[in-house]
Amino acid sequence: RCAVHASTIPVTIDVTGVNSRRISASIVIECGVEEVWRVVTDYDNLANCIPNLVQSRRVPAPAGGIRVYQEGAQNVVGLDFRAALTMDMQEQRTDSL
């Protein structure tokens, strides 16, 4: 489980084009690599850890790969903005993050 609630992590959203945004956040994590890896690869529970991520779940992928559906939402100037995507993930763990 995440030690920090998603609402306490500062998030930056930069407009990079008409229909494009870059979303970034950072945090100091005081625990081991093993625990961090468990959290960032627990795709079905990422919405509990990532601000504005409404939904994250694994979906069927070809050849036993990892495919993740995610939906984000944010209120911008009184309007609800939502975006969804499906990603094919490729995990590559190192001993340090």
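A few points on the structure. (Residues numbered from 1 in each chain as written. Predicted model: local features only at pLDDT ≥ 70, side-chain atom pairs only at ≥ 80, totals over all residues. Heavy atoms only, no water.)

Before going further, it helps to examine the layout of surface pockets. In this model, the second largest pocket occupies a volume close to 690 Å³. Lining the second largest pocket are 23 residues, with Ile23, Asn52, Gly72, Ala73 and Ala83 positioned closest to its centre. Elements with a contribution of two residues or more to the lining of the second largest pocket: β2 (20–25), β4 (66–76) and β5 (79–89). Residue composition of the lining of the second largest pocket, grouped by class: 14 nonpolar, six polar and three charged. (1 Å grid on protein atoms, 1.4 Å probe; cavity = no way out; pocket = protein on both sides within 12 Å on 5 of 7 lines; lining within 4 Å. Points joined across faces, edges and corners; volume = space filled by probe spheres on them. Helix = DSSP H or I, 4+ residues; strand = E, 2+ residues; numbered from the N terminus. Nonpolar A, V, L, I, M, F, W, Y, C, P; charged D, E, K, R; others polar.)

Now for the environment of Ser56. Mapped onto the elements, Ser56 comes out in strand β3 (residues 53–59). Ser56 sits in the buried class, given a relative accessible area of 5%. Residues Ser56 and Asp42, 14 residues apart in the sequence, show an inter-C-alpha distance of 9.4 Å. Apart from the residues lying within four places of it in its own chain, the contact partners of Ser56 are Tyr43, Asp44, Asn45, Leu46, Ala47, Val68, Tyr69 and Gln70. There is a polar contact of 3.2 Å between the side chain of Ser56 and the side chain of Gln70. (Buried < 20%, exposed > 50% of the residue type's maximum accessible area, 1.4 Å probe, protein only. Contact = heavy atoms within 4.5 Å. Polar contact = N/O pair within 3.5 Å; in protein donor to acceptor, adjacent residues only side chain to side chain.)

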